[in-house]
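Working through the structure, step by step
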Amino acid sequence: MRVTVITLTYRRPSDLADALTSLVDHVSRVPGAELLVVDNDTVPSARDAVTPWTVDHPVRYVHEPTPGIAAARNRGLAESGDSELVVFIDDDERPCDGWLEALLDTHARERCVGVAGPVVSVFDAEPDAWIRAGRFFDRLRHPTGTELEVVATNNLLLDLGAIRAWGLEFDAAFGLTGGSDTVLALQIRALGGRLVWCDEAVVTDVVPASRATRSWVLRRGFRMGNTGSRARLHVVRGASRRLGLRVRLAGQGAARVLGGGASALVGLLTGSLPRRARGVRTVVRGAGMLLGAFGYVYAEYARTTPAPSSVDVS
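Quick caveat: nothing in here was measured; it's all calculated off a predicted structure.

**A closer look at the sheet that holds strand β7 (residues 119-123)**
What the three strands build is an open sheet, ordered β5-β10-β7; its pairing is mixed. Of all the strands in the sheet, the pair left with one neighbour each is β5 (93-95) and β7. Along the sheet, successive strands turn relative to each other by an average axial angle of 30°, direction set aside. In the sheet, β7 pairs with strand β10 (residues 203-207) via five bridges, with the strands oriented parallel. Across the sheet, residue Val 119 finds its bridge partner in β10, namely Val 203.

Take a look at the structure:
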């Protein structure tokens with residue numbers, strides 16, 4: 001079975017250098033597997049870092065200058081050739097022992113369209129008490145075999161045969177906002193495809209100090225709420241169904257704003273930092289949902305002023 005492991009990169013040379021060492025090792029252990037690096041910079045800034053690995057290892061490099069994560073993901077699918085499976089992993093993540101084998105085993109056993117695994121965050125530097133109290137980088141985990149509604153491409157296997165048979169790809173409308181993986185997952189589910197959890201396929205996510213901040217956490221919370229509403233509205237068909245969903249999403253967003261505000265207030269009055277921190281994040285996520293229900297688009301990945309390609313701007 002041919003498998004293409006895809007990692008996208010955009011001006012993160014230090015992360016990419018570390019990722020290549022780890023990913024090449026994992027890919028080399030699995031017969032028929034290869035590593036594909038998709039460089040989404042406007043110029044091929046990652047080429048020199050990847051090229052040495054292509055000589056004696058199953059590694060390929062492609063340059064996708066079209067801005068946006070959806071374009072890079074779609075280039076990865078297009079470049080996977082006759083592979084039966086693709087596996088997405090971020091360039092700032094490091095797989096643990098048995099990661100790729102666990103994804104493949106779960107897919108073979110479950111005969112599903114997608115397999116997602118856990119992402120465990122580790123910090124470059126000790127974050128402040130607000131970040132620790134809110135546990136914002138702790139992600140839900142499930143027993144292996146649990147069916148999922150949505151998945152993210154930070155640790156995800158996809159059956160490429162099914163994706164191509166259905167004519168699916170990552171939607172460019174979500175290229176600069178995030179959420180194209182959510183849209184794809186919802187489309188897979190609507191077509192009857194199964195998405196399954198594999199708790200043994202663990203990767204660690206290296207969180208730099210620039211992300212372990214209140215402002216980053218709140219921006220990400222707002223974006224997740226915004227793209228979540230937009231993704232669900234994007235895949236629903238029929239004006240009446242879309243209107244009904246819009247009303248429900250707006251109501252859910254408003255409920256989060258009110259509930260989160262109440263929780264934050266109680267936390268403030270009782271001195272509970274965890275309750276206060278999570279309440280504030282719930283407020284901004286609910287606001288994102290509410291505004292997304294009415295068509296507001298938050299472009300988290302918009303590229304305004306290009307940074308020099310030699311600079312790590314993670």
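Having seen the model, we can carry on.
**Comments concerning the environment of Leu 273**
Residue placement: Leu 273 occurs in helix α10 (residues 273-293). Sequence-wise, Leu 273 and Val 5 are 268 residues apart; in three dimensions their C-alpha atoms are separated by 41 Å. Once you skip the residues sitting within four places of it in the chain, Leu 273 turns out to touch Ala 129, Trp 130 and Ala 133.

**Structural notes on the nonpolar core**
Core analysis: the biggest nonpolar cluster contains 32 residues, and Val 5, Leu 35, Val 87, Trp 99 and Leu 100 have the highest contact counts within it. Elements represented by at least two residues in this core include exactly β1 (3-9), α1 (13-28), β2 (33-39), β3 (59-63), β4 (85-89) and α4 (99-110). If you tally residues by element for this core, the top one is α1, at six residues. When residues no more than four places from it in sequence are discounted, the contact partners of Leu 100 are Val 5, His 26, Val 27, Val 30, Ala 33 and Val 87. Counting 26 residues, the second largest nonpolar core, distinct from the first, contains Val 113, Val 151, Leu 156 and Trp 197.

**Here we look at the packing of aromatic side chains**
Scanning the entire structure with this criterion turns up six aromatic pairs. Considering the side-chain rings of Trp 130 and Phe 136, the 4.9 Å spacing of their centres and the 35° angle between planes classify their relative orientation as tilted. Assigned by exposure class, Trp 130 and Phe 136 land together as buried. Note on Phe 222 and Tyr 298: the rings are 5.4 Å apart at their centroids and 90° apart in plane angle, and the pair reads as edge-to-face. Residue Phe 222 is found in helix α8 (residues 214-235), and its partner Tyr 298 is found in the segment after α10; the two are separated by 76 residues along the sequence. Feature note: the residues Phe 123, Phe 137 and Trp 216 constitute an aromatic cluster, connected by ring pairs. Its end group placed over the ring of Phe 170, Arg 73 keeps NZ or CZ at 5.4 Å from the ring centre.

**Quick notes on the sheet that holds strand β6 (residues 114-116)**
Across the sheet, which stays open at both edges, the seven strands sit in the order β3-β2-β1-β4-β8-β6-β9 with mixed pairing between neighbours. Unpaired on one side and paired on the other, β3 and β9 (195-197) mark the two borders of the sheet. Averaged over neighbouring strand pairs, the angle between their axes works out to 20° when direction is ignored. Direction of pairing for β2 relative to β3: parallel, over a ladder of five bridges. Residue Leu 35 lies in a different strand from β3, and its bridge partner there is Val 59. Of the strands in this sheet, β1, β2, β3 and β4 touch α1, which is tilted by about 160° from β2.

**With respect to the pairing of β4**
Each regular strand displays side chains that alternate between the two surfaces of the sheet. Most of β4 sits out of view: five of its five residues are buried. Residues of β4 alternate between two faces, with Leu 85, Val 87 and Ile 89 on one and Val 86 and Phe 88 on the opposite face, all of them buried. One ladder, built from five bridges, connects β4 with strand β8 (residues 155-159); its direction is antiparallel. When the sheet's bridge partners are listed, Val 86 is paired in β8 with Leu 158.

**Quick look at the pattern of salt bridges**
Applying the stated rule across the entire model yields 24 salt bridges. The partner of Asp 15 in a salt bridge is Arg 12, with the nearest N and O atoms 3.8 Å apart. Both residues of the pair, Asp 15 and Arg 12, belong to the buried class. The salt bridge involving Arg 189 is made with Glu 147; its shortest N-O contact spans 3.4 Å.

**Quick look at the environment of Glu 147**
On the secondary structure map, Glu 147 appears in the loop between α5 (129-134) and β8. Relative accessible area serves as the criterion here: at 43%, Glu 147 is assigned to the partly exposed category. Once the C-alpha coordinates of Glu 147 and Val 43 are considered, the two residues, 104 residues apart in sequence, prove to be 40 Å apart. Apart from the residues lying within four places of it in its own chain, the contact partners of Glu 147 are Arg 189, Arg 194 and Leu 195. A polar contact is formed between the side chain of Glu 147 and the side chain of Arg 194, at a distance of 2.9 Å.

**Focus on the side chain of Ser 180**
Residue placement: Ser 180 occurs in helix α7 (residues 180-190). Ser 180 gets classed as buried once you look at its relative accessible area, which sits at 0%. Within the structure, the side chain of Ser 180 is placed 2.5 Å from the side chain of Arg 73, a separation counted as a polar contact. With sequence-adjacent residues up to four places away left out, Ser 180 is seen in contact with Ile 69, Ala 70, Arg 73, Phe 170, Asp 171 and Phe 174.

Cut-offs and rules
Residues numbered from 1 in each chain as written. Predicted model: local features only at pLDDT ≥ 70, side-chain atom pairs only at ≥ 80, totals over all residues. Heavy atoms only, no water. Pairing = 2+ DSSP bridges. Helix = DSSP H or I, 4+ residues; strand = E, 2+ residues; numbered from the N terminus. Axes fitted to C-alpha atoms, helices over the stretch in contact; angles between N-to-C directions. Contact = heavy atoms within 4.5 Å. Core = buried A, V, L, I, M, F, W, Y, C linked by side-chain atoms within 4.5 Å. Buried < 20%, exposed > 50% of the residue type's maximum accessible area, 1.4 Å probe, protein only. Phe/Tyr/Trp six-rings, centres within 6.5 Å; stacked < 30°, edge-to-face > 60°. Lys NZ or Arg CZ within 6 Å of the ring centre and 35° of its normal. Salt bridge = Lys/Arg side-chain N within 4 Å of Asp/Glu carboxyl O. Polar contact = N/O pair within 3.5 Å; in protein donor to acceptor, adjacent residues only side chain to side chain.

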